[in-house]
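Overview (structure and organization)
The lines below spell out each chain.
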Amino acid sequence: MERLTEIRWHGRGGQGAVTAAKLVAETALKQDKYFQASPEYGPERMGAPIQAFTRISSQPISIHCAVTNPNIVVVLDKTLLSVVNVTEGLDPDGALVINTDMTPAEVRSSFSIEGHRIFTVDANKIAVESIGKAIPNTPMLGALLKATGIMDIDKVAEHIRDSFGKKFSREIIDGNVAALTRAYREVRSE
Amino acid sequence: MPKTVALTGNSACAQAMRQINPDVVAAYPITPQTTIVEEFSTFVAKGLVDTEYVTVESEHSAMSACVGASAAGSRVMTTTSSQGLALMWEVLYIASALRLPIVMHNVNRTLSGPINIHCDHQDSMGARDSGWIQIFCEDAQEAYDTTIQAIRIAEDNRVRLPVMICFDGFIISHAIDRLDLLDDEVVKKFVGDFEPLISLLDTEKPVTVGPFDGLYGYFFEFRRAQELATLGSLPVIAEVGKEFGEVSGRHYGLFEPYKLEDAELAVVVMGSTAGTAKFVVDQLRENGVAAGVLKIRSYRPFPAREIAEALSGVKAIAAMDRSLAPGAIGAPVFQEIRSALYDNSARVPVIDYIYGLGGRDVPPAHIEKVFSHLAQIAKSGKIDQVVNYLGLKE
């Protein structure tokens, strides 16, 4: 892993982008890494485009500002591709991980994206089939882990079991872990 | 054993409050309140603290209830932010004049309008002359650590003044960061028991609190005494910071010099941007630029003499202000720094950079711009522009 990894999350209110950014940070703690996870607050409402940021590093992180040149961009909602410039500031070699039923090649040609490494996964379908709701954050986390190798999937699964355990039923937790691992397997690269 | 955790700045402060276990917390439960009291109220509900939690109908009432509870002899804490602090304003002066050791977080957010809920230091600046001690924090760890220290500072018999712990709204308050929490027992021992000097409820020793003092009384002398107590808290803030270092390994002073010993160019800054400035200094140092940062921690009282000495060797200084003082020459931090340096034998050029109002982002590139401006001033010895704006859309 590089010294500092910066992730920008694009989602819509209610899709769990903030929870996903938080999960990554908390799992980083278990691996004795340094991290920051910050949602960009605004007039939050269900369905509005939102951004969240995560930084992970093996060194303490002193910067306190928005992530403008991420190494990784995660898009939780494919309809954002035509609304938000999701590749803005993204490292030319950086990873773009998108929740869509399209292939990476289809995304590239449909939205005229040059450079970057594109990964896609149908996280909504996986979420509906595993959790029973179209909340794509945990499957997208699985796709992110496979695409970038920033953390060990088993550690993330373990953390979901630990942290969700207090709030959710066994069924929901199992569903989330299943969604995570299935998306990890099914993510498509170019 | 200290525990390493992933918490937001607000959650970290709520944990510190739980460990301090104050007698009374009075708070207004909705916006513009913070999640600090929201979380703290769950600790009360779960019986994790012995605190009497007073839900009030406004921030004016919150501070009024704190004044009453503190005068009655309780250890009192509260939190606020932005418009909430503004509404507390008149009662802030009463809290400090009555020398009540109330400890309050102020999560720094701007004052409307236009309506904006994001970070700047305008709210704290409105209270800078209210007689409260104001300590600014860089990150969640400092906010947590300073909360614990603030109890000791406020309650020290040489001080007996309210303390406001200031940290950046959203950037620190709502961001999850890595930090270490002390053991509950260590915090309990560090803050000790509160021994009130007076108590309204002590019928054996009746006292008058907050009486009238007219034209021919001692109002002026009283205020002068309060001013002396504020200035006298400087060594106490330093002592408590040092003692805290002994139990936690994290030492605190009145300000933090960062690579300042041999610096030629210095940025003076408060709050989270200090961290970004340190990052930029590290990069500039790799390129041979002698850059440094002075992070102000105690803004009220202002350690003018110590700061003037720390900056005496540099060639150019930029004070960074996350607030405006419309109609003045520059903003508060600049005014303070330039004034503090006036008595130094060498006249070091000082400029002001106003930044980050209403949460405007401050990336490293902006701070690099400040340093290159300073390099140009250091080289020419001339200030082209005293008051500058960073990241302003022009």
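Keep in mind the model is a prediction, meaning the values are calculated, not measured. What you see as residue numbers is a count from 1 along each chain, following the sequence as written. Throughout, the order in which chains and ligands are written sets their labels, letters from A for the former and numbers from 1 for the latter. Where totals are concerned, whole chains, interfaces and linings use all residues; where local detail is concerned, this predicted model gives features only for residues with pLDDT of at least 70, and gives and counts side-chain atom pairs only at 80 or more. With hydrogens and water excluded, all non-hydrogen atoms of the structure serve as input to the side-chain values.

Quick look at the sheet that holds strand E11 (residues 291–296) of chain B
Residue and element names in this part refer to chain B.
- When DSSP finds at least two bridges between two strands, those strands are taken to pair. Starting at the N terminus, helices and strands are each numbered in turn, a helix being any DSSP run of H or I of at least four residues and a strand any DSSP run of E of at least two. In space, the six strands of this open sheet follow the order E9-E11-E10-E13-E14-E15, with mixed pairing throughout. The outermost strands of the open sheet, each flanked by one partner alone, are strand E9 (255–258) and strand E15 (387–390). Here the average twist between neighbouring strands, direction ignored, is 20 degrees.
- Contacts between residues were defined by any pair of non-hydrogen atoms, one from each residue, lying within 4.5 Å. For helices, the fitted line uses only the C-alpha atoms of the stretch in contact; every axis is such a line through C-alpha atoms, and the angle between N-to-C directions lies from 0 to 180 degrees. Strands in contact with helix H12 (residues 364–380) are strand E10 (265–269), E11, strand E13 (316–321), strand E14 (350–355) and E15; relative to E10, the strand with the most contacts, it is inclined by about 135 degrees.

Comments concerning the domain arrangement of chain B
Residue and element names in this part refer to chain B.
- Start and end positions for the domains come from either an automated domain assignment or a database one. Domain assignment breaks chain B into domain 1 (3–248) and domain 2 (255–390).
- Computed over C-alpha atoms only, the centres of domain 1 and domain 2 are separated by 28 Å.
- Residue-level contacts link 28 residues of domain 1 with 28 residues of domain 2.
- Buried area is understood as the total, over both parts, of accessible area removed when two parts are fitted together, assessed with a 1.4 Å probe. Of the roughly 2,200 Å² buried at the junction of domain 1 and domain 2 (both faces included), carbon and sulfur atoms supply 53%.
- Think of a salt bridge as a Lys or Arg side-chain nitrogen and an Asp or Glu carboxyl oxygen that are within 4 Å of each other. Counting across the domain 1 and domain 2 interface gives five salt bridges.
- Here a polar contact is recorded for every N or O atom pair within 3.5 Å, except that within protein the pair must consist of a potential hydrogen donor and a potential acceptor, and residues adjacent in sequence are included only if both atoms are side-chain atoms. One can count 15 residue pairs in polar contact (both at pLDDT 80 or more) joining domain 1 with domain 2.
- For the side of domain 1 that touches domain 2, the element with the highest residue contribution is helix H8 (residues 219–248), accounting for five residues.
- Considering only residue class, the side of domain 1 that touches domain 2 consists of 12 nonpolar, 10 polar and six charged. In this classification, the charged set is Asp, Glu, Lys and Arg, the nonpolar set is Ala, Val, Leu, Ile, Met, Phe, Trp, Tyr, Cys and Pro, and all remaining amino acids, among them Gly, are polar.

Notes on the environment of Val-269 of chain B
Residues and elements named next belong to chain B.
- Secondary-structure assignment places Val-269 in strand E10.
- Throughout this description, buried means an accessible area under 20% of the type-specific maximum (1.4 Å probe, protein chains only), exposed means over 50%, and partly exposed covers the range between. Residue class for Val-269 comes out buried when judged on its relative accessible area of 0%.
- Along the backbone, Val-269 and Trp-132 are 137 residues apart, and their C-alpha atoms lie at a distance of 20 Å.

Focus: the packing of helix H1 (residues 9–20) of chain B against helix H2 (residues 35–45) of chain B
Residues and elements named next belong to chain B.
- Between H1 and H2, the least distance of the axes is 8 Å, while the angle of their chain directions is 40 degrees. Accordingly, the angle class assigned to the pair H1 and H2 is oblique. Between H1 and H2 the crossing geometry is right-handed. When H1 is examined against H2, the residues Asn-10, Ser-11, Cys-13, Ala-14, Gln-15, Met-17 and Arg-18 are found in contact with a partner set consisting of Thr-35, Ile-36, Glu-39, Phe-40 and Phe-43.
- Classifying every residue of the contact of H1 with H2 by side-chain character gives six nonpolar, four polar and two charged. Here the word oblique covers every angle except those under 35 degrees (roughly parallel), over 145 (roughly antiparallel) and from 65 to 115 (roughly perpendicular). By convention the crossing between two helices is left-handed if the near helix lies anticlockwise of the far one by an angle smaller than a right angle, and right-handed if it lies clockwise.

Comments concerning the packing of helix H1 (residues 17–30) of chain A against helix H5 (residues 153–164) of chain A
All names here are of chain A.
- Two elements in contact, H1 and H5, have axes whose closest approach is 10 Å; the angle formed by their N-to-C orientations is 110 degrees. Viewed along their axes, H1 and H5 adopt a mutual orientation that is roughly perpendicular. The residues of H5 that touch H1, namely those facing Leu-23, Glu-26, Thr-27 and Lys-30, are Lys-155, Val-156, His-159, Ile-160, Asp-162, Ser-163 and Phe-164.
- Across the contact of H1 with H5, the residue classes break down as four nonpolar, three polar and four charged.

Some remarks on the interface of chain B and chain A
- Across the contact, 22 residues belong to chain B and 18 residues belong to chain A.
- When the area that chain B buries against chain A is broken down by residue, the three leading residues are Ile-176, Arg-178 and Asp-361 of chain B, summing to 37%.
- Taken together, the connections running from chain B to chain A amount to one salt bridge.
- Put simply, Arg-178 of chain B and Asp-32 of chain A hold a salt bridge, and the shortest N to O gap is 3.0 Å.

Topic: empty space enclosed by the protein
- Put simply, the grid is 1 Å and covers the protein atoms alone, a cavity is a trapped set of points that fit a 1.4 Å probe, a pocket is an open set with protein on both sides within 12 Å along at least five of seven lines, and lining residues have an atom within 4 Å of a point. Grid points are joined across faces, edges and corners, and a volume is the space filled by probe spheres set on the points. One pass over the structure, following the stated rule, counts one cavity of 30 Å³ or more.
- Here the largest cavity defines a volume of roughly 40 Å³.
- In terms of lining residues, the largest cavity is bounded by Gln-36 and His-64 of chain A together with Ala-140, Ile-171, Ile-172, Ala-175 and Asp-177 of chain B.
- Split into classes, the residues belonging to the lining of the largest cavity amount to four nonpolar, two polar and one charged.

Side note on H2 of chain B
Residue and element names in this part refer to chain B.
- Among all positions of H2, only Ile-36, Val-37, Phe-40 and Phe-43 are buried. Mapping the buried residues of H2 onto a view down its axis gives an arc of 105 degrees, with all of them on the same face. Structural note: H2 exposes Glu-38 and Ala-45 on the side pointing more than 90 degrees away from its buried face.
- The opening residue of H2 is Thr-34, an N-cap whose side-chain oxygen sits 3.1 Å from the backbone nitrogen of Ile-36. The arc in question is formed by the directions pointing from the helix axis toward the C-beta atoms.

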